[in-house]
Amino acid sequence: MKKALSLAMALVMMMAVMVPAFAATLDTAAQAGDATVLTDTSSIVGDGSYTVTYPATMALTWGVESTGFQYSVTSQLKTGKCVSVAITDSVNGEAGFNMINANGDALAYAINGTITTKTSAPVVTDEAFDYTVDVAADAWAAASYDTYQDTLTFTSAVVDL
């Protein structure tokens, strides 16, 4: 039985060697040819992908009128697209920026710098945008010592360049 199996395996291996190679035919008269290289983007969902990185907590030192912060965008999008980012006050909306303490007292502030922007290109790596949280001296002077807080919303979307 072992001899028969060995003989059968030897014949199978010999037949495997005799299979012709399937290759393109070389035209000996031609000197050059062109081939098209094409990327297949069918697996990309939507316009691509992006990440907006911003501080989860922004601590302000009591009495300091301007504190700088930064957010950054990394993206790989379709040609002609970019990322739009806008910072708004999720509690007060368009009415302005106010931090509130536990008693409901407000401490007004402003955000200056890059609060609405678009990235410069479809593909960016950590493109940084600076902004400041500003509390006026008279607002600090009128506020009682306490912990005040507010929530900012970073809204982002893929838009045309």
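Predicted model, so just to flag it, every value in this text is computed and none were measured.

A. Region of interest: the side chain of Thr67. With respect to the helices, strands and loops of the structure, Thr67 is situated in strand β2 (residues 66-77). Apart from the residues within four sequence positions on either side, Thr67 is in contact with Ala59, Leu60, Tyr131, Thr132, Val133 and Asp134.

B. Spotlight on the environment of Ala108. Mapped onto the secondary structure, Ala108 falls in strand β5 (residues 106-113). Residues Ala108 and Trp140, spaced 32 residues apart in sequence, show a C-alpha to C-alpha distance of 8.9 Å. For Ala108, the residues in contact, after removing those within four places along its chain, are Phe97, Asn98, Val135 and Ala139.

C. Region of interest: the nonpolar core. Among the nonpolar cores identified, the biggest contains 24 residues, and Tyr71, Leu107 and Tyr109 are the most heavily contacted of them. Elements with a minimum of two residues in this core: β2, β3 (81-89), β4 (97-100), β5, β7 (123-134), α2 (137-142) and β8 (152-160). Sequence-distant contacts of Tyr71, defined by excluding residues within four places in its chain, comprise Val52, Thr53, Tyr54, Val85, Ile87, Thr114, Thr117, Glu127, Ala128, Phe129, Tyr131 and Phe154.

D. Summary view of the environment of Asn112. For Asn112, the location among the structural elements is in strand β5. Each C-alpha atom, one on Asn112 and one on Gly68, is 9.4 Å from the other, the two residues being 44 residues apart in sequence. If near-sequence neighbours (up to four positions away) are discounted, Asn112 is found in contact with Tyr131, Thr132 and Asp134. Within polar-contact distance, the side chain of Asn112 engages the side chain of Asp134 at 2.4 Å.

E. Main features of the sheet that holds β3. Spatially, the three strands line up as an open sheet ordered β6-β3-β8, and their pairing is antiparallel. Looking along the sheet, the strands with just one partner apiece sit at the ends: β6 (116-118) and β8. Sheet twist, expressed as the average angle between the axes of neighbouring strands with direction ignored, equals 15°.

Cut-offs applied
Residues numbered from 1 in each chain as written. Predicted model: local features only at pLDDT ≥ 70, side-chain atom pairs only at ≥ 80, totals over all residues. Heavy atoms only, no water. Helix = DSSP H or I, 4+ residues; strand = E, 2+ residues; numbered from the N terminus. Contact = heavy atoms within 4.5 Å. Core = buried A, V, L, I, M, F, W, Y, C linked by side-chain atoms within 4.5 Å. Buried < 20%, exposed > 50% of the residue type's maximum accessible area, 1.4 Å probe, protein only. Polar contact = N/O pair within 3.5 Å; in protein donor to acceptor, adjacent residues only side chain to side chain. Pairing = 2+ DSSP bridges. Axes fitted to C-alpha atoms, helices over the stretch in contact; angles between N-to-C directions.

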